[in-house]
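Structure assessment
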Amino acid sequence: MNILKFGGTSMGDDQTWQRVINIIDGYAHPFVIVSATARTTRQLMAAAEYSLNDLESARDIAADIKQRHLTLVNNFLNNYPNAETAVAKECKLWINDRIDELNQQLTKINEAQELSLKTKDSVASIGERLSSYLFAHCGAVAGLPTTWVDAEQIIRTDSDFGQASPNIDLINQQKHLLIKEIENGRIPVMGGYYGQDQNGNTTTLGFEGSDYTASLIGATLAAESIEIWTDVSGIFTCDPRVIEDARPIPQLSFREATELAYFGAKVLHPATTKPASQQQIPIHVKNIFDPDAPGTRISHKPAENGRVKAMSFKENCTIITVSSSQTVMGYEFLASVFDILRWHHLPVDVVTTTEASVSIAIENSDRIEQAVEKLKSYGTVETYREQGIISLVGCSKNAGESLVKDVLSHINGTSPALISFSQSKGNLNVVMDKDYIIPSVKSIHQHFF
Ligand code: ADP
Ligand code: MG
C-alpha cells in the first residue's frame, strides 16, 4: 500500500486532475489523500471573516467557490463523453449542498457576530469535502475504482480547534472501514486536513494538515511509503520561490525534514514525519509536473551533504524577554515561564537564557497577548515584534565554529537578536529583524550552496 497525497496545486484544474489520475494509475495499491483545490481554503477563511461585517462579500466568495468547482467538474467530464450523466448530477448536487452549508454557516457567524475557532474549522473543512468527493467520482469516470471516504469517520482528534491533535487509538479503531474498501479492490480517496472530535465537531490539523493526514493513514495501515505529490521536485536547499538556484535534496533524515518544516519550509506540515518515522515508513516528496524526477526521500538513513544540507526561514516571529523579579531558583522561574507557553499552546522556536532572564522567539499568534499578560506575574516582560528566523539544518559535525562565523558574516550588516546552535543536532538558528531575513537568506544560500 502506498499513500499518495496531492496538494492544492495538484487539485487545481481538470488538467492537473488528469495528471493525478495518471500517477495513481501507476500504483498497484494506492490510498489517496487530497487537499482542497488551489485557493479554496484561503477563500473559505476570507468568507468567514467577511461574514462578520459584510455578508454580501462573504456570499460572493461562496458563489465563486461554487462556480469554480462546477467548472472544474464540467471541464473534466467533457473529456469523457461517455461518462454517465448521473455522475455529473451527483457532483453538482454535492457542490450545491456544500455551498448551501457554507452560506448557512456564514449567516450564523453574521447573526452571532462571532467567529469561533470551532466554526472556522467547520468552514475550512468544506474545501476538502468538496475536492475529495468530486475527485473520487471523477476518478471512477476515468476508470479507477476510486471511492470516497469521509475523513470525519477516520481521523479522530481532540478538541483543540485549529490545530487539533490526532487520537491514534481511536483512528486505529476506525481502520477496519478503510480495510473493507481496500479488500474490495477499491482506491479510497479521502480529504486531508480535517477530522472530528469526540463530540462530533469538525476539527482541523493546522496549516498544511493534509500532509499530516497522509502520514497518519500511512502509519495506521502500515504503508510501504507515503508519497507527497506537489508542484516542486522535492524538498529544496531553500524555498525555490525565494531562491532561484535552490536545488532538490535527494535524501533527508526524518529529523532534518522535521526541522526544516518546523522552521518554515512550507512544503511539509512539521508533524508529518512523526507517525512515519515511528513506523519507519519512508516519505517521498515528488512533482506532479515532473513525475520521473527523483524528488526527495525522507527516511532514517542519514546522508552526508557538505557543510549544510538545507535552510529555511520565517518572517513572522516575536521575541518575548522575561526578566525575573527574583534572582533565586532559576529553574522555578524557567519552569513557570514555559508552563505559561504550554498553557497557551505556543511552540517555542529559539530560546536563550541569562542568569535572571529568558528570551524566547515564537511564531506570531493571537495567543501571544494573553501569554504576555500572564508572564507579567513572573517579572518584567518586553516584546519585540517584526522578527524572523533563519535556520540551517544538517550542519556537518566538524563545521561548528567556522560555520557560525560564516553565517554571521552573511547577514547583511544587521546584528542577530538571538542565536542558538546545536553541534550534535546540526542546527543553527539566527533570529533577526524581519526586514533582513530575505536579503540574508539570499546571501547565505549563495555562500553555502
Ligand atoms: P501543496 O499544495 O502541494 O501542499 P505547498 O504549496 O504546500 O504545495 O508546498 C509546495 C511549495 O512549498 C513549493 O511550491 C515551494 O514554493 C514551497 N517551499 C518552501 N520551502 C521549500 C523547500 N525548502 N523545498 C521545496 N519547496 C518549498
Ligand atoms: Mg502543502
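Look above for the structure.
Residues numbered from 1 in each chain as written. Chains lettered and ligands numbered in written order. Predicted model: local features only at pLDDT ≥ 70, side-chain atom pairs only at ≥ 80, totals over all residues. Heavy atoms only, no water.

Turning our attention to the pairing of strand β14 (residues 379-393). Pairing of strand β11 (residues 310-324) with β14 involves twelve bridges; the strand directions are antiparallel. Of the residues in β14, the one forming a bridge with Ile319 is Tyr384. Summarising the sheet, β14 and strand β16 (residues 427-433) pair through seven bridges and their orientation is antiparallel. Directly across from Gln387, in β16, lies its bridge partner Asp433. (Pairing = 2+ DSSP bridges. Helix = DSSP H or I, 4+ residues; strand = E, 2+ residues; numbered from the N terminus.)

By nearness alone, 19 residues border ligand 1, and Gly8, Thr230, Asp231, Phe236 and Arg241 come closest of all. In the model, an oxygen atom of ligand 1 is placed 3.1 Å from a nitrogen or oxygen of the Lys5 side chain. Here an oxygen atom of ligand 1 and a side-chain polar atom of Asp239 are 3.2 Å apart. Contact with the protein chains hides 91% of the accessible area of ligand 1, taken as 570 Å² for the molecule alone. The residue makeup of the shell around ligand 1, split by class, is eight nonpolar, five polar and six charged. (Near = heavy atom within 4 Å. Polar contact = N/O pair within 3.5 Å; in protein donor to acceptor, adjacent residues only side chain to side chain. Areas by Shrake-Rupley, 256 points an atom, 1.4 Å probe, with all protein chains shown as cover. Nonpolar A, V, L, I, M, F, W, Y, C, P; charged D, E, K, R; others polar.)

Where helix α13 (residues 368-375) is concerned, the buried positions are Ile368, Ala371, Val372 and Leu375. One face of α13 carries all of its buried residues, which in axial projection span an arc of 100°. Those residues of α13 hidden inside the fold are in contact with β11, α12 (330-343), β13 (357-363) and β14. (Buried < 20%, exposed > 50% of the residue type's maximum accessible area, 1.4 Å probe, protein only. Arc of directions from axis to C-beta. Contact = heavy atoms within 4.5 Å.)

Once that is clear, we can look at the packing of helix α4 (residues 85-112) against helix α6 (residues 126-141). It is at 10 Å that the axes of α4 and α6 come closest, and there the two elements cross at 180°. As judged from the angle between their axes, α4 and α6 are roughly antiparallel. Contact residues: Val87, Glu90, Cys91, Trp94, Ile95, Arg98, Ile99, Glu101 and Leu102 in α4; Ile126, Arg129, Leu130, Tyr133, Leu134, His137 and Val141 in α6. Of the residues assigned to the contact of α4 with α6, the class counts are eleven nonpolar, one polar and four charged. (Axes fitted to C-alpha atoms, helices over the stretch in contact; angles between N-to-C directions. Parallel < 35°, antiparallel > 145°, perpendicular 65-115°, else oblique.)

The sheet built from eight strands is open, its strands ordered β3-β4-β2-β1-β7-β9-β10-β8 with mixed pairing. Each edge of the open sheet carries a strand with a single partner, namely β3 (146-149) and β8 (251-253). Each strand of the sheet is rotated relative to its neighbour by a mean of 25°, with strand direction disregarded. With three bridges connecting them, strand β2 (residues 30-34) and strand β4 (residues 187-191) associate as parallel partners. Paired with Ile33 across the strands is Met190, a residue of β4.

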